[in-house]
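Descriptive analysis of the structure
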Amino acid sequence: MRILAVETSCDDTAAAVLEDGRLRASVVLSQAARHRPFRGVVPELASRAHLELLLPAVARALRRAGPGRLDAVAYTRGPGLMGPLLVGKVTAQTLARLLGVPAVGVNHLEGHVLAVELEYRPRWPLVCLVASGGHTDLVLARAPGRYQVLGRTRDDAAGEAYDKVARLLGLGYPGGPEIDRLAARGNPRAVAFPRPSAPGWDFSFSGLKTAVLYHVRALPRRPRGRLLADLCASFQEAAAETLADKTLAAARRFGARDVAVGGGVAANSRLRALLAERGAAAGLRVLLPSRALCTDNAAMIGRAAWRRLRAGPPPRAGRADPALPLRSWAPLSSI
Ligand code: KG4
Ligand code: ZN
């Protein structure tokens, strides 16, 4: 089964081709440079950029994958930005209609969870942390198609916290990669920022962000050099430790043997190191997809569509939904 997938939920225009669930070609055209002057994603600009970039991305993915008849076209139905989602949906449905094959709408979060399958053979149940600029969700996947969202952020997403802290430190956008880079040279114990806490399996990052803000305001001048690196390392330690510890605790509580991550923040080097170290100590296997499969991509959307099509008939086309909840679609017997 050959699937063409597109992903346009935020600011990456992506297309991929999968053959029997395995990745053949993946193209991601980043719009970061267009949004950078605004220090954040501008939805209207993102929609226009998707319109301009999506067909070229599709053409490149098809060319790289080589000849072969397509059996389905997958797209992201949500969650994400409405305009960008509509561009992906209309493009996918048009291509599918022209080819006479089904168009399959996929939940973006399910894509992040199943991305791990492109490189590993996870054992179920699996606990997956999806942390990006838009979401921080802790998901228990009992099987492909059986999901329970255990917790999510009550305020800022983890990536949003990185971006906001970077901004108040005078760094560029997106801030996550820059904080990660600077933190490597800093002392994570230089400043004792509070470990963010939220009830149950939820997360909260606004308190940590405010703590950094007050700390920076009390400084005589904008931090530079060693001091800046120490602040980045100390913030990053608090954020990464919270994410890692809650994820590993959930895995133990729900009897998962494997743990996975997805989303832009899953590219964070300290989070990856902590998960690997503490996961191994707890007897868990931590599966860390390569960074390109953690950040937004169409390969994960194709994998989720493949899981769905292999299990049954194509789902009814649903509306593009910016707040689409992650729901189970596989029968209980699949566990
Ligand atoms: O998944 P993604 O590419 O796009 C969505 O938000 O859906 O995630 C982008 C987010 C940004 O907030 C960015 O600062 C953060 O992921 N990020 C990182 C790192 N690389 C990207 N945060 C921490 N450390 C990184 N290395
Ligand atoms: Zn994402």
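Cut-offs applied
Residue numbers restart at each chain and count upward from 1, following the sequence in its written direction. A letter from A marks each chain and a number from 1 marks each ligand, given out in the order of writing. Thresholds applied to this predicted model are a pLDDT of at least 70 for local features of residues and 80 or more for the giving and counting of side-chain atom pairs; totals over whole chains, interfaces and linings are not thresholded and use all residues. Working from all heavy atoms in the structure, the side-chain values ignore hydrogens and water. In this description, strands pair whenever DSSP reports at least two bridges between them. Each helix is a run of H or I in the DSSP string that is no shorter than four residues. Each strand is a run of E no shorter than two, and both are numbered from the N terminus. Note on method: axes are straight lines fitted to C-alpha atoms, helices fitted across the in-contact stretch only, with angles between N-to-C directions ranging 0 to 180 degrees. Here a residue-residue contact requires only that any non-hydrogen atoms of the pair lie within 4.5 Å. Atoms are scored as donors when they are N, O or S and lie within 2.8 Å of the metal, with 3.2 Å used for Na, K and Ca; no water is included, so coordination may look incomplete. Buried, partly exposed and exposed residues are distinguished by accessible area as a fraction of the type maximum, computed with a 1.4 Å probe on protein chains only: under 20%, between the cut-offs, and over 50%, respectively. For the purposes of this description, domain bounds are those given by an automatic or database domain assignment. Put simply, buried area is how much 1.4 Å-probe accessible surface two parts lose in total, over both of them, once they are put together. Should a side-chain nitrogen of Lys or Arg be within 4 Å of a carboxyl oxygen of Asp or Glu, the pair is scored as a salt bridge. In the analysis that follows, any N or O atom pair within 3.5 Å is treated as a polar contact, provided that within protein one partner can donate a hydrogen and the other can accept it, and provided that, for residues neighboring in sequence, both atoms belong to side chains. Throughout this document, a residue counts as near a molecule or strand when at least one of its heavy atoms sits within 4 Å of that molecule or strand. Only the protein chains shown count as cover for residues, and all accessible areas are computed by the Shrake-Rupley method using a 1.4 Å probe.

1. Some remarks on the sheet that holds strand 7 (residues 136-143)
Overall, mixed pairing links the five strands, which are arranged 8-7-6-9-10 in an open sheet. Each edge of the open sheet is held by one strand with a lone partner, namely strand 8 (146-152) and strand 10 (285-287). Direction aside, the axes of adjacent strands within the sheet are offset by 25° on average. Pairing analysis gives three bridges linking strand 9 (residues 258-262) to strand 10, with the strands arranged parallel. From the neighbouring strand, alanine 260 faces strand 10, where its bridge partner is leucine 287. Contacting strand 6 (126-131), strand 7, strand 8, strand 9 and strand 10, helix 8 (residues 225-253) runs over the sheet at an angle of about 155° to strand 6.

2. Description of the coordination of the zinc ion (ligand 2)
At this site the zinc ion (ligand 2) is bound by His108 (NE2), His112 (NE2) and Asp296 (OD), with donor distances of 2.1 to 2.2 Å. Mapped onto the polypeptide sequence, the residues donating to the zinc ion (ligand 2) form the spacing pattern H-x3-H-x183-D. Here histidine 108 is found in helix 4 (residues 108-114), whereas its partner aspartate 296 is found in the loop between helix 10 (291-294) and helix 11 (299-311), with 188 residues between them in sequence. Of the two residues, histidine 108 and aspartate 296, both sit in the buried class.

3. Re the sheet that holds strand 3 (residues 22-30)
Judged by pairing direction, the sheet is mixed, and its five strands sit side by side in the order 3-2-1-4-5 without closing on themselves. Two strands lie at the open edges of the sheet, namely strand 3 and strand 5 (103-107), each paired on one side alone. If you compare each strand with its neighbour and ignore which way they point, the axes differ by 20° on average. Of the strands in this sheet, strand 1 (2-7), strand 4 (72-78) and strand 5 touch helix 3 (residues 82-99), which is tilted by about 160° from strand 4. Contacting strand 1, strand 2 (12-19), strand 3, strand 4 and strand 5, helix 11 runs over the sheet at an angle of about 130° to strand 1.

4. Notes on the domain arrangement of the protein
By a widely used convention, the size of an interface equals the accessible area lost when the partners come together. When cut into domains, the protein gives domain 1 (2-114 + 296-334) and domain 2 (121-288). Taking only C-alpha atoms, the centre of domain 1 and the centre of domain 2 are 26 Å apart. If you look at the interface, domain 1 gives 19 residues, while domain 2 gives 20 residues. It is Arg39, His112 and Val113 in domain 1 that bury the most area against domain 2; as a group they hold 34% of the surface buried on that side. Counting across the interface, domain 1 meets domain 2 through zero salt bridges. Counting every contact that joins domain 1 to domain 2 gives eight residue pairs in polar contact (both at pLDDT 80 or more). It is helix 4 that contributes the most residues to the side of domain 1 that touches domain 2, six residues altogether.

5. A short note on the site of ligand 1
Among the 18 residues in the neighbourhood of ligand 1, the closest are listed as Gly133, Asp163, Asp180, Gly264 and Asn268. In this structure, glycine 159 approaches ligand 1 through a main-chain N or O atom, which is 3.2 Å from an oxygen atom. Here aspartate 163 contributes a side-chain N or O atom positioned 2.7 Å from an oxygen atom of ligand 1. Look at ligand 1: alone it shows 550 Å² of surface, and the protein chains cover 88% of it.

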